[in-house]
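# Report on the structure
For reference, the chains in residue letters:
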Amino acid sequence: MSPKHRVDKYDLEEIPRYIGAFPSTHLVQKEETTRSVHLLYENIAARGYVTAVPWIQGGVSGFTENSKGCYISPFHDIPLYAGAEEDNEVSAKKYKSSEEQAVFNMIVEVSRWTNAKMEIATKEPLNPIKQDVKNGKLRYVCNIFPHKGYIWNYGALPQTWEDPDHTDNSTQCCGDNDPIDVCEIGTKVCSCGEVIQVKVLGTVALIDEGETDWKIIAINVDDPEADRFTNIDDVYKYKPGYLEATVDWFRRYKIPDGNLENQFAFNGEFKDKDFALKIIKSTHEYWRALIHRKTDRGRIDCTNVTVSDSPFCCSEKEARSLVQLTPTLRKALPVPSEVDNWHFFGR
């Protein structure tokens, strides 16, 4: 039975450590939430993962389970490489192609065409996927004409980390303290929390508030057109305008909130697959140092279930106890009407 819980609207520090899911639920003013939450379990395309999702209007969020019904961290427990076994007792499709090392697991945080800024909660135990909160308000990206919400399935590669104490040789900026981001360009609109396997095509380096924020360009291996794409040039060829729109989106998406345009390393030039693979490999090594306590982790929560030689590894029973401590949720309030507004800016 989940405990009763009180939340102060403007005091985010009072949110308990073990909140596992606050979807588009506006924080309530000193009001107890006792409503039980019915969970929808989505089987994620035989990948061996299940996402526990509160079935509430206005957004989704939740913890991740493996094929055995054990709670895991999507950040730390899902293997980076598709088909890799490592310490993870989860099923994954095997790939035997010559490009095997370019196929990775991707955690979908945001569905294409949606606005809610969902992300892996890196500072909470088991790292549930939640809607980001800033200044006491749930975050949504604005619609900057002609773009509606996110223009790709957006997410992250597990077991990667952009180290904020490391200065990238290419960009001369430090990492942004998050897993590396992925823009998946396939035809299917994926679900929040879905785990898919993607083929890496290239990358672009966003400089966000002075931090390096790599954006990996990839395509779902199950996409009907996936075989046509082997490198970043194929995106220019078969999806003309998509990469230019991607740079435009990242450059301007914060302007409606009163911020300046974002900048890019290499003047917004996309780097090819080989370059992207080197970046992914380095961020995987930074993650390995993080999960083994060989670097300063700051507030990053490294609780995991499957990395057996990590000092942060816990038992399946302990992981379930963490989830059971999650407070119950109240019904989500409607999504603010201004989320549907269009914003127009000259180029």
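Our subject is the structure listed above.
Below is a short write-up of the structure. Everything quoted here is computed from the prediction, not taken from an experiment.

## Regarding the overall build of the protein
On a plain count of helices and strands, the protein comes out with 4 helices and 17 strands. Residues classed as buried in the protein amount to 55% of the 347 residues present. The long-range fraction of contacts in the protein, counting pairs at least 24 apart against all pairs at least 6 apart in sequence, stands at 68%. Taken as a whole, the protein presents about 16,000 Å² of accessible surface, with 48% of it coming from carbon and sulfur.

## Some points on the pairing of strand 14 (residues 195–208)
The two faces of the sheet receive side chains in turn, since in a regular strand these alternate between them. Burial within strand 14 is extensive, with 14 of its 14 residues counted as buried. Inspection of the sheet shows strand 14 paired to strand 15 (residues 211–220) by 10 bridges, in the antiparallel sense. Looking at the pairing, Gly-202 lines up with Ile-217 of strand 15. Between the antiparallel neighbours strand 14 and strand 15 lie 2 residues, among them Glu-209 with a positive phi of about 55°. Sheet analysis places strand 14 next to strand 16 (residues 263–264), joined by 2 bridges and oriented antiparallel. Its bridge partner being in strand 16, Ile-207 is matched across the sheet by Gln-263.

## Some details on the environment of Gly-149
Of note, Gly-149 is situated in the loop between strand 10 (143–144) and strand 11 (153–156). Sequence spacing of Gly-149 and Val-110 is 39 residues, and the spatial spacing of their C-alpha atoms is 9.7 Å. Those residues in contact with Gly-149, other than ones at most four positions away along the chain, are Trp-113, Thr-114, Asn-115, Val-141, Asn-143 and Trp-249.

## Concerning helix 4 (residues 316–324)
Within the span of helix 4, buried status applies to Ala-319, Leu-322 and Val-323. Down the axis of helix 4, the smallest arc covering the buried residues is 100°, so these residues share one side. Taken together, the buried residues of helix 4 touch strand 4 (71–72).

## Observations regarding the pairing of strand 11
Residues Asn-153 and Gly-155 line one face of strand 11 and the alternating positions Tyr-154 and Ala-156 line the opposite face, and both faces are buried. Here strand 5 (residues 103–110) pairs with strand 11 via 3 bridges, running antiparallel. Its bridge partner being in strand 11, Val-110 is matched across the sheet by Tyr-154.

## Focus on the environment of Met-118
Position of Met-118 among the secondary structure elements: in strand 6 (residues 118–120). Residue classification places Met-118 among the buried positions, given a relative accessible area of 7%. Sequence separation of Met-118 and Val-133 is 15 residues, and the distance between their C-alpha atoms is 9.6 Å.

## Overview of helix 2 (residues 242–252)
Two residues of an α-helix separated by three or four positions point the same way, owing to the 3.6 residues in each turn. Of all 11 residues in helix 2, 9 are buried, a share of seventy percent or more. Taken together, the buried positions of helix 2 are Tyr-242, Leu-243, Ala-245, Thr-246, Val-247, Asp-248, Trp-249, Phe-250 and Arg-252.

Calculation rules
- Residues numbered from 1 in each chain as written.
- Predicted model: local features only at pLDDT ≥ 70, side-chain atom pairs only at ≥ 80, totals over all residues.
- Heavy atoms only, no water.
- Helix = DSSP H or I, 4+ residues; strand = E, 2+ residues; numbered from the N terminus.
- Buried < 20%, exposed > 50% of the residue type's maximum accessible area, 1.4 Å probe, protein only.
- Contact = heavy atoms within 4.5 Å.
- Areas by Shrake-Rupley, 256 points an atom, 1.4 Å probe, with all protein chains shown as cover.
- Pairing = 2+ DSSP bridges.
- Arc of directions from axis to C-beta.

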